[in-house]
Structure formats: C-alpha cells, structure tokens
Amino acid sequence: MQTPAPVDYARATSVADAIDLLEKHGDEARLLAGGHSLLPMMKLRLARPEILIDLNDLDELRGIRIEGEEIVIGAMVTHAEILDSPVLAEHYAIFREAEKVIADPIVRNKGTIGGSMCQADPSEDLSAVGSALKGSVVIQGSGGKRTLALREFHEGPYETKVGDAEILIEVRFPIRPGAGSAYEKVERRVGDWPVASAGVFVVVSGGVVTDCGIGLTAIGAEHFCAPDAEAYLIGKAPTEENLAAAAQLAADACTPYADQRGPVDYKLHLARELTLRTLRKAAASSQGA
Amino acid sequence: MEVTITVNGTPVTSEIEPRKLLVHFVREDAGLRGTHWGCDTSNCGTCVLWVDGSPVKSCTMLAAQADGHEVTTVEGLEQGGVLDPIQQGFIECHGLQCGFCTPGMMMTGRWLLDNNPNPSEAEIRDCISGQICRCTGYKNIVASIQWAAEHPATSEVTA
Ligand SMILES: Cc1cc2nc3c(=O)[nH]c(=O)nc-3n(C[C@H](O)[C@H](O)[C@H](O)COP(=O)(O)OP(=O)(O)OC[C@H]3O[C@@H](n4cnc5c(N)ncnc54)[C@H](O)[C@@H]3O)c2cc1C
Ligand code: FES
Ligand code: FES
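Note that the structure is predicted; figures quoted are calculated from it, not measured.

J.: Would you explain the nonpolar core in this entry?
T.: One broad rule of soluble globular proteins: the nonpolar side chains tend to lie buried together. Residues and elements named next belong to chain A. Counting residues in each nonpolar core, the largest one holds 31 residues, and the members touching the most others are Phe-95 and Ile-113. Elements represented by at least two residues in this core include exactly β5 (70-74), α5 (93-99), α7 (113-119), α8 (125-132), β6 (136-141), β10 (167-174) and β12 (194-205). Top element by residues in this core is α8. It accounts for 4 residues. Both domains that furnish three or more residues to this core are identified here as domain 2 (62-174) and domain 3 (180-286). Among all residues touching Phe-95, those that are not within four sequence positions of it are Ile-73, Ile-82, Leu-88, Val-129, Leu-133 and Phe-173.

Right, here's the structure in full:
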C-alpha cells in the first residue's frame, strides 16, 4: 500500500495567504495544485514535505482570458479546461491536440497547467507547448510579481526558477494572427507519457515563413525548444524540402537517452518525423496575410 | 484534523490524518466499500468517484482536499431502490466478470452520459481509457454504457 508520509495540510485563502504560509514554513512546504504529480512522488518518498499548502480554493488562479495581445491561463486551470476552451481552440489548435493525448480524461480533471510547468518533468507535454508558443509565466512572491520567458523558466529536470516562497500565478501566450499550430505525440499506450512529442506554430505570410516556434519534449531538447531549426525556416518558403531540413535541425538539438520507451536512434527519428509532420500541418493551416 | 465530507448526500465527519487518501476515507470512515482500491498509482481507475460532480481518481487525492465538498460513489447511483441505467446496462450486457474495475467504469460511464447522452463507441473508449479491466476485453463494458445511453429512463430491475 502506497500512502504519503505524515504531513500537515493548510488551505490557502488567497495568493497572499499562500505566500505568507510559504515564508513561514520555508522549504518544508509544498504547494498542492492537482496533486497528480506531487502525491505520487510523496507516496514514493521522492518528495517529503512537512506541510502541503492547497491552492484549490483560489478562484483568482482560475480562468482563461484575453488581455490585450495575450492569452492568459491561470495556474489552477486544469488540462480538461484547456482541452475544452473555445478561446484557446480559436487561436491555437496545438492546445487541443496536445491535451487530447495528455494522460486520460479523469487525470485531466485534476492536473493543472501551473502544476505541469512547476513539476518540470523532462517529459511534460505542456512544457513543449509552452516553449513552442514562446509563452511566459508570471511568478509572485512577497516582493511582487515578475515575468519570465518559459524558455528561461526550467533550470533542468524537476527544477524551475520559482523560489521557495513564490507561486506561479499565470501562464501567458502571445496571440499571433494567422498562425497555424499542431502537436503530435508517440506514446506506448493511450494516456502514457510521451516517447517523444513535438509541437509547433508557423506563420506563413507572402509565401514565406515569417515566424515560427518548435517545442519538443521527452527527448532532451534544452528548454524544450529548437532555436536553430526555427531560425533556419524564417524567410524561407514552407516547401517539403525546407520543412524537412528544419526538422533535421530540430532532431540535432535533441539528446535523448535510451530507456524502456526506446533506444536513442528511434527517439531521434521521432524527433525529426514529428517535427516535420507538425510543421507541415501548421504551415498548411496558417492564414497569414 | 477533523473533516466533514458529504458522501452520497450524507455528511460524514471524521478525525483523520491529513495524509489520508480519499479512497481510504470513503472505504473506512464512510464505510462504503463499493469504491475499489487497486493500483494506488492513478493508473487503473477502479477508485474513480465524483467530487462535486466531477470524476477523480480517489487514490490520488487527499481526504483533506474534499473537506466541505460533495462526494458521490457507486453506491450513490441507485435511487430509492431503483438502479441507475448505467448499473442496469452492466447487468443486461454482462459488463463485468470479476467486478473489480466496475465501480470506476460505472462512475465514468454515468458522467460521460450526463455530458454526452449519445456518445460514439470511440468516445466511450476514449472516456474509459484511463481505466483498466483485466477480464472483459472492454467490449461488454462499452456495450453496457451504450445500453444505458439507449435506455436513459429505465427503471426495471431484471436481476
Ligand atoms: C496517470 C498519469 C498520467 C499522466 N500522463 C501525462 C502525460 O502524458 N503528459 C504530461 O505532460 N503529463 C502527464 N501527467 C502529469 C499531469 O499532467 C500532472 O497533472 C501534472 O504534471 C502536474 O500537475 P498538478 O496540477 O497535478 O501538480 P501537483 O502535483 O499539484 O504539483 C506538481 C509540482 O508543482 C508545484 N506547484 C503546483 N502548482 C504550483 C504553482 N502554482 N506555483 C508553484 N509551484 C506549483 C507543486 O508544489 C509540486 O512540486 C500524468 C499524470 C498521471 C497521474
Ligand atoms: S487505485 Fe486509483 S487509479 Fe488505481
Ligand atoms: S471485470 Fe474484472 S477487472 Fe474488469
């Protein structure tokens, strides 16, 4: 039987209250969002916090809204809410395509975008989405708020720039009129973590790629992205040849390791193939001027 | 800590350790053994119940998180001695063999039909994709949920 070790529990009544609690308890405290990564880690004693600070009552961390030129997703928005959001679907197909293959419908009812980003699992699907779209996160502490690009957010596996007494409060994505986007994942069985995933957005304008982002997860791409492949495509026509060359550059940015999900050469093949498929799809659906 | 969780409409108050998982609260404190407890790792789905109307894997939620909330378990499907169509569907279509996965399958199936009264077979299979059945091969589980979709107001208990 797997049960977490003894732990205290407190419900935050506001973001400020959660920050107070974090300051009071230092690094013995952990924030509890969906709990679908943290509780399994506590059962395995990979995490042993002394107190959990539950964020689930904080309506201020919920909701998806448009603010100026950005889409803002509250930290406590669940995978299920992202999957069903008409606002997200209108701007970026990548969200639905990724969410459909993250875990299963029941897990998606609990897991949150804030928890996914802060868990920083090297196979997290939403990290590839966030990196592809060049999103940013807003982090709040007692000193106020700061905004950080998602491509600078991860320090390494399971490590982020969120400090001990800070909370990620929202994730922001620039709206890009006319952008096409797509996500593809290969998994061993339905609902499993990826063997490899790729997600991209492309803006094609005047017959050439004017903007693009490439995100990759589970295959050792630094900051879940492939900047050389993106730079290569800018100003080029989205021909099969150019997309394939970019996909190869994306695979070159990956350093996967062999595990029960597959050997290195297979994962590099997936990096290239999934990037190519998503680039094709995104370029074809781009409605750029 | 003391928690009060309303289980199938009845408030249950109990002194618990904060680390207690909701599945154990329901089975031990509320005394309802319909919700099963299997893999412990959010993979099998036999522990699925509803919190505030939304299905969750109760092995991956603390009872403390449900304090002040409404839980519905498989025992809550039957109303006044009348089985829910989803339960009737499992009888009609032989939707279980050992029955271990059944409570979770029924809770997810009922939720699916509440949101999508006429799901396709693909939608049913997708919805139960986070739940494992070692006996049936899923065919009869899908048929049971389809039966419930086709008989939304059945009240006839035949077994
Ligand atoms: C069976 C199963 C299958 C899964 N499959 C996939 C998959 O295919 N792809 C995938 O990407 N993911 C998958 N997941 C992970 C799922 O997406 C998790 O929900 C997610 O990783 C964590 O989100 P959470 O809200 O549950 O976070 P929690 O578990 O609550 O928290 C995770 C970590 O983040 C911290 N944290 C949470 N919120 C904040 C915040 N606002 N500010 C600062 N720190 C915070 C917590 O303290 C903790 O350290 C799966 C999970 C399960 C159980
Ligand atoms: S016991 Fe909860 S998913 Fe298996
Ligand atoms: S009936 Fe035995 S596990 Fe499903």
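J.: Just to check I follow, could you spell out the interface of chain B and chain A for this structure?
T.: Put simply, an interface is often sized by how much accessible area is lost when its parts join up. If you look at the interface, chain B gives 32 residues, while chain A gives 30 residues. Counting each side, the surface lost to burial between chain B and chain A is near 2300 Å², with a carbon and sulfur contribution of 60%. A per-residue breakdown of the area chain B buries against chain A is headed by Arg19(B), Thr60(B) and Gln65(B), which together make up 27% of the total. In this structure, the connection of chain B to chain A is made through 1 salt bridge.

J.: I tried to follow the sheet that holds β6(A) on my own but got confused; where do I start?
T.: In a beta sheet, neighbouring strands are held together by backbone hydrogen bonds and run either parallel or antiparallel to one another. All names here are of chain A. Spatially, the 5 strands line up as an open sheet ordered β4-β5-β10-β6-β7, and their pairing is antiparallel. Looking at the sheet topology across the chains shown, the edges are occupied by β4 (64-67) and β7 (144-149). Each strand axis lies, on average, 25° off the axis of its neighbour in the sheet, ignoring direction. Two strands pair when backbone bridges link them, and β6 and β7 are joined in this way by 6 bridges, in the antiparallel orientation. By the bridge assignment for β7, Ser-136 is matched with Ala-149. Where helix α1 (residues 15-25) meets the sheet, its contacts fall on β6 and β10, and the angle it forms with β10 comes to roughly 130°.

What counts, and at which threshold
Residues numbered from 1 in each chain as written. Chains lettered and ligands numbered in written order. Predicted model: local features only at pLDDT ≥ 70, side-chain atom pairs only at ≥ 80, totals over all residues. Heavy atoms only, no water. Core = buried A, V, L, I, M, F, W, Y, C linked by side-chain atoms within 4.5 Å. Buried < 20%, exposed > 50% of the residue type's maximum accessible area, 1.4 Å probe, protein only. Helix = DSSP H or I, 4+ residues; strand = E, 2+ residues; numbered from the N terminus. Domains from an automatic or database assignment. Contact = heavy atoms within 4.5 Å. Buried area = accessible area lost by both parts, 1.4 Å probe. Salt bridge = Lys/Arg side-chain N within 4 Å of Asp/Glu carboxyl O. Pairing = 2+ DSSP bridges. Axes fitted to C-alpha atoms, helices over the stretch in contact; angles between N-to-C directions.

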